[in-house]
Structures are given as C-alpha cells and as structure tokens.
Amino acid sequence: MNAKDALLKDIDAFCRKYGFGKSEFGAAAMGYCSFIRQACAHVEMREKTITRAREWMAKYEAGLSKEQHRAIARGPAGGFVTGPEMARLLSLVEAPTSEDDCWLWQGSTGKQGYGQICRRWKQMKAHRVFYEFYIGDIPKGLVIDHLCRNTACVNPLHLEPVTSAENTRRGLRGNSWLRTELKRLPPQKRKPFQEQESSNCRNPAVSAAG
Ligand SMILES: [Zn+2]
C-alpha cells in the first residue's frame with residue numbers, strides 16, 4: 001500500500017470514529033473540501049499534503065477532552081445518539097473547569113434558554129439528549145428538572161427526571177417566568193402552588209421546567 005492509500009484508509013477510519021463527513025475533514029484539515037475527491041481521483045499527493053493531514057488527525061485526537069473520549073468509547077446508552085454524534089455535540093459545550101461545573105450549551109437555544117438540537121428534521125432539547133446518552137431513558141411522563149437552575153446546562157449530573165407537578169413546585173421560588181405565568185391563573189388555581197411554595201424548604205436555587 002502506498003502512502004496515499006494508507007492515508008485515505010486512515011482518514012476513512014478517523015471519519016467513522018469521530019462522526020466526520022469526508023468533506024468536513026477536507027475543509028478542517030486541508031482547508032478545502034475537494035481534498036478527498038482529488039485524492040480518490042488519483043491526483044498526485046505531495047509528501048507535504050500527506051504530512052499535513054496526518055498532523056491534523058493527531059492534533060484533533062489529542063485535543064479531545066476525557067469526557068469526549070469517554071462518550072466516543074461508550075456509544076449510545078438509552079438514547080438514539082451515537083458516540084461520534086455525541087462527540088460533535090460535546091464540541092458545542094463550553095469546557096467545564098471542574099467536575100461539578102455546569103456544562104454550558106453554546107449551540108442554538110430556544111425559549112427560556114434551553115439548548116436545541118435539530119436531528120433528522122426533529123427538534124430536541126439538548127439537556128434531554130445528554131441525559132439519555134449518559135444516564136438512560138427518561139421515564140414516560142416525567143420531565144427533566146435542572147437542579148442547578150441553569151437552563152443552558154447539559155451536565156447529566158445536574159438533571160433529574162421528576163413529575164411535572166414536582167417540577168412546578170420546585171421551580172416556583174426561583175423561576176420568574178413561572179411566577180409570571182402563575183399570576184395569570186385564577187386565584188383558586190393559584191393557591192395550591194403558593195401553599196407548596198411556602199412549605200418548600202429546599203435550597204432556593206431550584207429548578208426550571210424541561
Ligand atoms: Zn448545571
């Protein structure tokens with residue numbers, strides 16, 4: 001096998017492992033998208049080009065966080081997201097400095113600051129995808145509560161599936177959006193929530209609906 005074929009084989013394995021499209025590889029590593037096409041069409045590849053592609057792959061692998069490597073090795077848990085896909089989603093998360101930190105979603109966000117992922121023409125909430133990937137299925141009928149009250153956070157350890165009534169109860173104290181919504185309810189419907197609110201002795205840093 002000559003150097004070019006060996007490189008193409010390595011690129012193929014790399015793309016499969018990390019969920020890269022070949023044109024993405026060309027764009028990221030070589031700066032132009034037609035790189036793979038040219039290489040496959042037997043356009044002569046210089047030693048320098050081969051070295052550059054290999055250097056880029058090594059740099060990319062070394063730059064992945066422990067968490068990203070773990071996600072790749074792990075593959076899907078209860079959800080639909082594959083390891084390489086998760087690696088790509090993790091690249092949209094601000095790198096946490098310590099283990100307890102929030103994982104802040106840097107991709108697109110929707111109403112109330114929840115991260116959004118568009119997958120196969122379906123829109124999903126990022127924190128739900130992370131929970132399903134790392135922890136498992138979200139039991140039917142339950143919603144995800146952000147224990148850290150940060151709706152942009154996707155750290156699975158900050159997420160807990162709860163009933164929607166529990167989530168509302170937890171969220172009342174700290175969530176101004178919910179408070180505003182509550183004001184719209186007729187007084188007799190508002191009352192049970194307010195009673196729960198006054199008996200809620202949990203840390204005031206509480207939840208938001210997910
Ligand atoms: Zn958090």
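Our subject in this report is the structure included herewith. (Residues numbered from 1 in each chain as written. Predicted model: local features only at pLDDT ≥ 70, side-chain atom pairs only at ≥ 80, totals over all residues.)

Within the largest apolar cluster, 31 residues are counted, with the highest numbers of intra-cluster contacts made by Ala126, Val129, Phe130 and Val154. Secondary-structure elements contributing two or more residues to this core are α1 (3-18), α2 (22-30), α3 (35-40), α4 (47-63), α6 (83-90) and α7 (126-134). At six residues, the largest contribution of residues to this core is made by α7. Two domains each provide a minimum of three residues to this core, namely domain 1 (3-63) and domain 2 (67-161). (Core = buried A, V, L, I, M, F, W, Y, C linked by C-beta atoms within 7 Å. Buried ≥ 20, exposed ≤ 12 C-beta atoms within 10 Å, placed from the backbone. Helix = DSSP H or I, 4+ residues; strand = E, 2+ residues; numbered from the N terminus. Domains from an automatic or database assignment.)

We now examine the packing of α1 against α4. Two quantities define a packed helix pair, namely the angle between the axes and the distance from one axis to the other. For the pair α1 and α4, interaxial distance at closest approach is 11 Å and the crossing angle is 25 degrees. Our classification of the angle between α1 and α4 gives roughly parallel. In this structure, α1 meets α4 at a crossing whose hand is left-handed. Across from Ala3, Lys4, Leu7, Asp10, Ile11 and Phe14 in α1, the residues of α4 making contact are Ile50, Ala53, Arg54 and Met57. Of the residues that constitute the contact of α1 with α4, the class distribution is seven nonpolar, no polar and three charged. (Axes fitted to C-alpha atoms, helices over the stretch in contact; angles between N-to-C directions. Parallel < 35°, antiparallel > 145°, perpendicular 65-115°, else oblique. Left-handed = near helix turned anticlockwise from the far one by under 90°. Contact = placed C-beta atoms within 7 Å. Nonpolar A, V, L, I, M, F, W, Y, C, P; charged D, E, K, R; others polar.)

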